[in-house]
Amino acid sequence: MGARSWCAIALMSGVAFGAAAGAARAAAPPPAGAVLSPDGKRAAWASDDAKSVWNETRASASAEWRDAERLLSIRGTVGKLVFSPDGKQLAFENPRGDHGFIAVYDLPANKIGYVDPSFGSDKGPVWSPDGTQISFVRSYRGSADQPVTAPVPSFGKWSPPPVRTNDVFTVADILQAPISYGPEASGDGRSIAYITREAYDRGIYFMRSGTPSRRVVNYPDDDGRELSQLAVSRAGGAIAYVRDSSPNSDGEILNPASDVDTPHRLVYVVASRSSVPRLLGDGLSPAFTPDDKMLVWVNGASVMSVTLSWDDEGHLTGAGTPAPLFTVAGGTPSNLRFSPDGSKLLYSRSSGVEVFDMTAHTTAAVNHTGASDANPVWSPDGTQIAFRRSVSGQPWAIWVADAATLTPRKAWQASTGLGSSYYSLDENPTFESTPGDQLFWSDDGTLAFVWEVDGWRHLYSVPAAGGTATLLTPGDGEVETAQVTRDHKSIVYATNIGDIARRHLYSVGFHGGAPLQIAGGHPSQWAPMPLADGELAYVEGSYNVPPTVYIRDSAGSLSKGGPDLPDTYPVDKLVEPQAVTFPSSTDHMTVHGQLFVPAHPTGCGLIFPHGGPSRQMLLGYHYYDTYTVLYEMNQYFASHGCVVLSVDYRGGIMYGNAWRTFPGRGGTSAAEYQDIQGGAAFLRSQPQVDPAKVGIYGLSYGGYLTTLGVSRNSDVFHVGWEMAGNSGSAAVANLASWTAPTLLEQGDDDRNVDFSDNVEVVTAIKAQKPQLELQTHVVPNEQHEMYMRFRDLVDVYDLGGQWMLTRLFPGEVTAPVTAGATVPATLSLTIGEPASFGALTPGRSGDYTAATTASVTSTAGDASLSVTDVSGSAAGHLSNGSFALANALQARATRGGSDLPFATVGATPLSLLSYTGPVSGDAVGLEFRQHVDAGEALRTGTYGKTLTFTLSTTTP
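From a predicted model like this one, the values you see are computed outputs, not experimental measurements. (Residues numbered from 1 in each chain as written. Predicted model: local features only at pLDDT ≥ 70, side-chain atom pairs only at ≥ 80, totals over all residues. Heavy atoms only, no water.)

1. Points about the overall build of the protein
Moving on, step 1. For the protein, the count of helices and strands is eight helices and 66 strands.
Moving on, step 2. The C-alpha radius of gyration computed for the protein amounts to 30 Å, which stays within 12% of the reference 30 Å derived for 956 residues, consistent with globular compactness.
Moving on, step 3. Expressed as a percentage of the 956 residues in the protein, the buried residues total 57%.
Moving on, step 4. Across the protein, contacts joining residues at least 24 apart in sequence account for 58% of those joining residues at least 6 apart.
Moving on, step 5. Working note: accessible area of the protein is about 37000 Å², and carbon and sulfur atoms make up 51% of it.
Moving on, step 6. If you average the places of the 65 positive and of the 95 negative side-chain charges in the protein, the two averages end up 3 Å apart. (Helix = DSSP H or I, 4+ residues; strand = E, 2+ residues; numbered from the N terminus. Rg over C-alpha atoms; globule rule 2.2 N^0.38 Å. Buried < 20%, exposed > 50% of the residue type's maximum accessible area, 1.4 Å probe, protein only. Contact = heavy atoms within 4.5 Å. Areas by Shrake-Rupley, 256 points an atom, 1.4 Å probe, with all protein chains shown as cover. Lys, Arg positive; Asp, Glu negative; His and termini not counted. Charge placed at Lys NZ, Arg CZ, Asp CG, Glu CD.)

Below, the structure is given as structure tokens:
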């Protein structure tokens, strides 16, 4: 019998959880073709669409079957099913088009894992007699089938890889650095909220001006489910957000943890002083009305809404039942913008601009026959709407419509030639924020916008009534993001003007004048968010401090937001990169880059081409989290004595139109590859670099350039590490000269680079050049950057790091040192204050609620929290002497924002929560519900019941 920990809680006035389970019913036998477990107690089969696995169970091999239940759903389809020898796991084929895996479903853990996933197609799983390995056949088109035997995936707690040879710090040490994304402001401009990623956890922090930040939402345990699209209420009493990703082309939401239930993209709202989010439903793009009475969001063709209730201090207390506010005939509404008084809702749909009247519940559209309209924005007084209009064959233009009639007129139009095509601001530089505006209104009827007429993306302004554009931000460099101040008198923007390799913050008035620098120095700053009273929130990253949120007051004093750096983060072991330039190899154009020079060089040198290609790297941490991770990897290589050159090749941003649009980019001509070759020549000329120890690595477009490097110039690049690169025909065409050992990694739910591209590359290598040293690493259900789960991120980058280093230093050997410690068996359960429903009102039908908290600590391999009514009388019902309430008491546990359903408490244990590994001080909410009917007789006095909560384990 497993170890247990008990706690009891007294409930006053009543509480209830779901009804006791009835006796199991006999069911129809499993369908023909179902497979039986070795003990005959379970049958499993694939659903008709082969997307799910169903099962039936019975008490013994001769007993009647119980009703069928779905075990799991999965991407791809389900093929041959085979139970493990002990019947606790189920292996099956998982075809996914041009590739396929052997999947294993673990019944006790209720999780899916994969056996040595690859770019091939795996079939025919066979268990070893001891159930620790699976044999199968792997196929590549044009190559002989390959028998494979591999270990069964582990379903226990993941641990980071060990310290590697000559590690100053580990890959996990530096990748754990917390990342803070761009802040969103409340309607009154006195508070902000922002999303963070802290290794295994994703969270939301809230920070009011003049007070410390605090985390109000936390999703722990590395579930791989992203947060995005924050909205903060007018008074800062609530935060809305979206959880989970957008769907892929098959409508599938990212599921990197291989959860057995298909995720949905969901909208939540949470009180800023709470930590219990409320699920509102499927959708995206939440927005509060200016008076905070309602929250709206988009779900397909509908704009959904829910009414909100608040206490006297402006804190959220409740949300009503979500319902459609309106539904459009076709397309999807986007870019929701309320008018300043909240009476109208502006949005884009089907290349047009539309307005919904919140009172009349009518919709009107700006006529855009023959034109495409985008980026609408209200004037400060709500009487006009400005938007960008594009007509085929004409330069883009700014139009303005009267808000009452929606009659449009042209306010300004770009000239022909350079700048005639619109080059937008980066609306969402951190990829987690709500997209910002492209047009900005002043308080006196002036419009600001970006234009590339002089070859750089600069801010300009023009009167809304019409006139000539005025340049606001002169200089070599570009404006990347911008926000209008709350008084609509100036614009705050992030730019590299004056410091080409960084981002700094400036402000400028709508009518011009010298821009005023707000933040500068060696760090970079981005994502400015103007606040009330002249304050400003933004994100800053330096060479050794990752992206961190600050609030700057009108006097220039800074308040830092959380989270803090972990103790094991190597803040004092990083090198500050240097800005360098060098000539390309063919046309000798000047190329910019960032050079990482280690304190103790070991001779190796690495070229790092970024992805995109529309990106620029910085002299420090980056605003885009993928490049924060890759920056950290450059630092890891530098800690091993490698000189790293990050190359800002042509096609990248912030160096002007001519560099970004240089002809001949990509494909077989790949004009930008000469910049990589020029970088390699520059790197090999450095005194710290041994030309025999030079490699190349990159992700996405950087992966494509990596493959070009090793396939065209294995004589220069002696090892390559490609992540999710679109290698395609260019790589296959150079197989004859490709001799450098290469590692190829990709997630198979990549939404940027078709996984099939690398299936083709690997297939070609297997068939045409099997002698090439090629290692592959596929991460099932991960996306392009392979970073949705911290464990995936660390595994991908640790493998890549060791691949590069062990081939650049083949003579090194690993000499591990074992360090250990013991942990005593611990089960601890602490319950908070008694939960009270308050007074029950006779004659009124309704549900009463109460809540308390629990703290759970367990060192066991698994643990379960349950509740039982052991009183012996009126089990599951609140009692007042000999009187008991008619309806059963219900309860549920909440944890990390997950709302589990209520169920009935009874004399048998009711499972509330399960843990698949150790936890320490885990905060659990205990909620109770009691229904009272209008005709129910209530006895004067106190109704109550003492419940017993049990924390138990089967694997102490």
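2. A closer look at the state of the cysteines
Moving on, step 1. Taken as a whole and assessed by the stated rule, the structure comprises one disulfide.
Moving on, step 2. Linked covalently through their sulfurs, Cys-604 and Cys-642 form a disulfide whose S-S length is 1.8 Å. Taking the sign of the S-S torsion, about -115° here, the bridge from Cys-604 to Cys-642 comes out left-handed. Within this pair, whereas Cys-604 is found in strand β49 (residues 603-609), its partner Cys-642 is found in the loop between α2 (625-639) and β50 (643-648), the two being separated by 38 residues in sequence. Of the two residues, Cys-604 and Cys-642, both sit in the buried class. (Disulfide = S-S within 2.5 Å.)

3. Some remarks on the pattern of salt bridges
Moving on, step 1. By the definition in use, this model includes 34 salt bridges.
Moving on, step 2. Between Asp-798 and Arg-164 there is a salt bridge; the shortest N-O distance is 2.5 Å. With a gap of 634 residues between them, Asp-798 in helix α8 (residues 790-808) and Arg-164 in the loop between β12 (146-151) and α1 (171-175) connect regions that are remote in the sequence.
Moving on, step 3. Looking at Asp-798, the relative accessible area reads 7%, which means it is buried.
Moving on, step 4. Here Arg-164 falls in the partly exposed class, since its relative accessible area comes to 27%.
Moving on, step 5. Where Asp-922 meets Arg-895, a salt bridge forms, and the shortest distance between an N and an O atom there is 2.4 Å. (Salt bridge = Lys/Arg side-chain N within 4 Å of Asp/Glu carboxyl O.)

4. A closer look at the sheet that holds strand β44 (residues 536-541)
Two orientations exist for strands paired in a sheet by backbone hydrogen bonds: parallel and antiparallel.
Moving on, step 1. Judged by pairing direction, the sheet is antiparallel, and its four strands sit side by side in the order β43-β44-β45-β46 without closing on themselves. Every other strand in the sheet has two partners, leaving β43 (524-530) and β46 (558-560) as the edge strands with one partner each. On average, adjacent strands in this sheet sit at an angle of 30° to one another, irrespective of strand direction. (Pairing = 2+ DSSP bridges. Axes fitted to C-alpha atoms, helices over the stretch in contact; angles between N-to-C directions.)

5. Observations regarding the sheet that holds strand β33 (residues 397-402)
Moving on, step 1. Spatial strand order, β31-β32-β33-β34: four strands in an open sheet with antiparallel pairing. Lying at the two open borders of the sheet, with one neighbouring strand each, are β31 (372-378) and β34 (408-413). Across the sheet, the mean angle separating the axes of adjacent strands is 30° when strand polarity is ignored.
Moving on, step 2. In this structure, strand β32 (residues 384-390) lies alongside β33, joined through six bridges in antiparallel fashion. Across the sheet, residue Phe-387 finds its bridge partner in β33, namely Trp-399.

6. A closer look at helix α7 (residues 755-768)
Moving on, step 1. For α7, which comprises 14 residues, the first-to-last C-alpha distance of 20 Å matches the rise-based estimate of 20 Å (1.5 Å per residue) to within 8%.
Moving on, step 2. Of all the residues in α7, the buried ones are Phe-755, Asn-758, Val-759, Val-761, Val-762, Thr-763, Ala-764 and Ile-765. (Expected span 1.5 Å × (residues − 1).)

7. Overview of the nonpolar core
Moving on, step 1. The biggest cluster of nonpolar side chains holds 67 residues, and the ones touching the most others in it are Leu-175, Phe-637, Tyr-697, Trp-721, Met-723 and Tyr-797.
Moving on, step 2. Of all the elements, α8 adds the most residues to this core, at nine residues.
Moving on, step 3. Those residues within four positions of Tyr-697 in sequence are excluded, and the remaining contacts are Ile-607, Phe-608, Pro-609, Leu-630, Met-633, Asn-634, Phe-637, Thr-706, Trp-721, Met-723 and Met-804.
Moving on, step 4. Counting residues in each nonpolar core, the second largest holds 61 residues, with Leu-72, Ala-103, Ile-607 and Phe-717 among its members. (Core = buried A, V, L, I, M, F, W, Y, C linked by side-chain atoms within 4.5 Å.)

8. Some points on the side chain of Ser-118
Moving on, step 1. For Ser-118, the location among the structural elements is in the loop between β9 (111-114) and β10 (121-127).
Moving on, step 2. The exposure class assigned to Ser-118 is buried, which follows from its relative accessible area of 2%.
Moving on, step 3. Among the polar contacts made by the side chain of Ser-118, one reaches the main-chain amide nitrogen of Gly-120 at a distance of 3.0 Å.
Moving on, step 4. A polar side-chain atom of Ser-118 sits 3.0 Å from a polar atom in the side chain of Arg-138.
Moving on, step 5. Not counting the four nearest positions on each side in its chain, Ser-118 is found in contact with Phe-101, Arg-138, Tyr-140, Phe-755 and Val-778. (Polar contact = N/O pair within 3.5 Å; in protein donor to acceptor, adjacent residues only side chain to side chain.)

9. Digging into helix α5 (residues 701-712)
Count 3.6 residues to each turn of an α-helix, and residues three or four apart come out pointing the same way.
Moving on, step 1. Between its first and last C-alpha, α5 extends 16 Å over twelve residues, near the 16 Å set by a 1.5 Å rise per residue.
Moving on, step 2. Taken together, the buried positions of α5 are Tyr-701, Gly-702, Gly-703, Tyr-704, Leu-705, Thr-706, Thr-707, Leu-708, Gly-709, Val-710 and Ser-711.

10. Section: the packing of α2 against α8
Moving on, step 1. Taken N-terminus to C-terminus, the directions of α2 and α8 make an angle of 35°; their axes are 11 Å apart at the nearest point. In this structure, the crossing between α2 and α8 has a hand that is right-handed. Listed contacts from α8 to Val-629, Leu-630, Met-633, Tyr-636 and Phe-637 of α2 are Leu-793, Tyr-797, Gly-801, Gln-802, Met-804 and Leu-805.
Moving on, step 2. Considered class by class, the residues forming the contact of α2 with α8 number nine nonpolar, two polar and no charged. (Left-handed = near helix turned anticlockwise from the far one by under 90°. Nonpolar A, V, L, I, M, F, W, Y, C, P; charged D, E, K, R; others polar.)

11. A few points about the side chain of Thr-548
Moving on, step 1. Considering the arrangement of structural elements, one finds Thr-548 in strand β45 (residues 548-552).
Moving on, step 2. Polar side-chain contacts of Thr-548 include one of 2.8 Å to the backbone oxygen of Pro-546.
Moving on, step 3. In this structure, Thr-548 is in contact with Ser-180, Tyr-538, Val-539, Glu-540, Lys-560 and Gly-561, ignoring residues within four places of it in sequence.

12. A short note on the confidence of the model for the protein
Moving on, step 1. For the protein, the mean per-residue pLDDT works out to 93, and 96% of the residues sit at or above 70.
Moving on, step 2. Contacts for the low-pLDDT stretch residues 8-24, under 50 throughout, to residues beyond four places or in other chains number 84 contacts.
Moving on, step 3. Within the model, pLDDT remains below 50 along residues 813-818, and this stretch shows two contacts once partners closer than five positions in the same chain are excluded. (pLDDT = per-residue confidence, 0-100.)

13. Examining the packing of aromatic side chains
Moving on, step 1. Enumeration according to the criterion identifies 34 aromatic pairs in this entry.
Moving on, step 2. On the numbers, 4.9 Å between centres and 55° between planes, the contact of Tyr-621 with Tyr-631 is tilted. Remark: Tyr-631 occurs in helix α2 and Tyr-621 occurs in the loop between β49 and α2; sequence separation between them is ten residues. Taken as a pair, Tyr-621 and Tyr-631 share a single burial class, namely buried.
Moving on, step 3. Through pairs of rings, three or more aromatic residues link up here, namely Phe-169, Phe-608, Tyr-636, Phe-637, Tyr-697, Trp-721 and Tyr-797.
Moving on, step 4. A cation over a ring is seen here: Arg-389 above Trp-399, with NZ or CZ 4.4 Å from the ring centre. (Phe/Tyr/Trp six-rings, centres within 6.5 Å; stacked < 30°, edge-to-face > 60°. Lys NZ or Arg CZ within 6 Å of the ring centre and 35° of its normal.)

14. Examining unusual backbone geometry
Moving on, step 1. Look at the link from Gly-562 to Pro-563: it is a cis peptide, with omega at 5°.
Moving on, step 2. By the secondary structure assignment, Pro-563 is in the loop between β46 and β47 (578-583).
Moving on, step 3. The backbone of Met-654 sits at a positive phi, close to 75°, despite the residue not being glycine.
Moving on, step 4. Along the chain, Met-654 turns up in the loop between β50 and α3 (657-660).
Moving on, step 5. Met-654 gets classed as buried once you look at its relative accessible area, which sits at 0%.
Moving on, step 6. Non-glycine residue Ala-874 carries a positive phi angle of around 45°.
Moving on, step 7. Of note, Ala-874 is situated in the loop between β58 (863-868) and β59 (879-880).
Moving on, step 8. Note on Ala-874: relative accessible area 35%, which makes it partly exposed.

15. Observations regarding the pairing of β34
Moving on, step 1. Bridge analysis of β33 against β34 gives five bridges, and the strand direction is antiparallel. In the sheet register, Trp-399 faces β34, and the bridge partner there is Lys-410.
Moving on, step 2. Taking the residues between adjacent antiparallel strands as the criterion, β33 and β34 are bridged by five residues, where Leu-406 takes a positive phi near 60°.

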